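Letter by letter, the chains look like this.
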Amino acid sequence: MSDNVIKFRKPTPPKKPRPGLKKVLILLAVVGFFVAVWAWFAFIAPRL
């Protein structure tokens, strides 16, 4: 019955960014690049 009562609540704090996630993604991108270069020279380049 008290739907018109204003409820004062603390705002939820914003989530903190995770700095380690960016480093992990960069590391995975670099490793993926080297794997792609290795695969190119191991499988495709000798056939050219």
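Keep in mind that this is a model prediction, so the values were computed, not measured.

**What to know about the overall build of the chain**
Scanning the chain from N- to C-terminus turns up one helix and zero strands. Each principal axis of the C-alpha distribution contributes one length, and for the chain these read about 80 × 25 × 10 Å. A total accessible area of about 5,500 Å² is found for the chain, and carbon and sulfur atoms account for 71% of it.

**Observations concerning the environment of G32**
Within the fold, G32 resides in helix α1 (residues 19–44). For G32, a relative accessible area of 36% puts it in the partly exposed group. Taking the C-alpha atoms as reference points, G32 and N4, 28 residues apart in sequence, are found 57 Å from one another.

What counts and what doesn't
- Residues numbered from 1 in each chain as written.
- Predicted model: local features only at pLDDT ≥ 70, side-chain atom pairs only at ≥ 80, totals over all residues.
- Heavy atoms only, no water.
- Helix = DSSP H or I, 4+ residues; strand = E, 2+ residues; numbered from the N terminus.
- Areas by Shrake-Rupley, 256 points an atom, 1.4 Å probe, with all protein chains shown as cover.
- Buried < 20%, exposed > 50% of the residue type's maximum accessible area, 1.4 Å probe, protein only.

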